[in-house]
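Letter by letter, the chains look like this.
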Amino acid sequence: MDQMRLLAALVLSFLVFFLWNTFFGTEPPPRPVSAPESTAEKKIEAPPVPAAPAAGAVSTVAPAEAAPARSAREITVRTPLYTVGLSEQGAVINRFV
């Protein structure tokens, strides 16, 4: 009798999993919309590369300037029980009171 209950439980469990997957399973990803032919035929051309300078010529190219670094903000979260200090730099907790 116990074996029959076990078999019935297994069958019902698999039935539940199968039906759940059938009705609530993940949907297939949508198919990509084909682009109009006019944009597909356009070719993007790269800008021409300047010729290399002569071996004896001195290069006067300035190094690229780095974007100014923004200082990390300090965020404080206050609740009735706790006060937490957070920093944007590295996403760390500075203080926990």
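Being a predicted model, the structure only gives us computed values, none of them experimental.

Asker: Which residues make up the side chain of S87, and what values go with them?
Answerer: Mapped onto the secondary structure, S87 falls in strand β2 (residues 83-87). Overall, the relative accessible area of 9% leaves S87 in the buried class. One polar contact links the side chain of S87 to the main-chain amide nitrogen of Q89, over a distance of 3.3 Å. Leaving out residues up to four positions away in the same chain, S87 has contacts with A72, R73, E74, V92 and N94.

Asker: Tell me about the pairing of β2, residues and numbers included.
Answerer: For strand β1 (residues 74-78) and β2, the ladder comprises five bridges, and the chain directions are antiparallel. By the bridge assignment, E74 is partnered in β2 with S87. Taking the residues that link successive antiparallel strands as the turn, the β1-β2 hairpin has four residues. As consecutive antiparallel partners, β2 and strand β3 (residues 92-96) are separated by four residues, and within that stretch G90 has a phi angle of approximately 80 degrees, a positive value.

About the thresholds
- Counting restarts for each chain: residues are numbered from 1 in the order of the written sequence.
- With the structure being a predicted model, the display of local features is reserved for residues of pLDDT at least 70 and the display and counting of side-chain atom pairs for 80 or more, all residues being used for whole-chain, interface and lining totals.
- The side-chain quantities take in all heavy atoms of the structure and omit both hydrogens and water.
- The numbering of helices and of strands both runs from the N terminus, where a helix is a DSSP run of H or I of at least 4 residues and a strand a run of E of at least 2.
- Each residue's exposure class comes from its accessible area (1.4 Å probe, protein chains only) as a fraction of the maximum for that residue type: buried when under 20%, exposed when over 50%, partly exposed otherwise.
- The term polar contact refers here to a pair of N or O atoms within 3.5 Å; inside protein, the definition further demands a hydrogen-donor-capable atom paired with an acceptor-capable atom, and it admits residues adjacent in sequence only when both atoms are side-chain atoms.
- Between two residues, a contact is recorded if the distance between any of their heavy atoms is within 4.5 Å.
- Paired strands, as defined in this entry, are two strands with at least two bridges between them according to DSSP.

Read these as layout, nothing more, since geometry by itself doesn't imply function.
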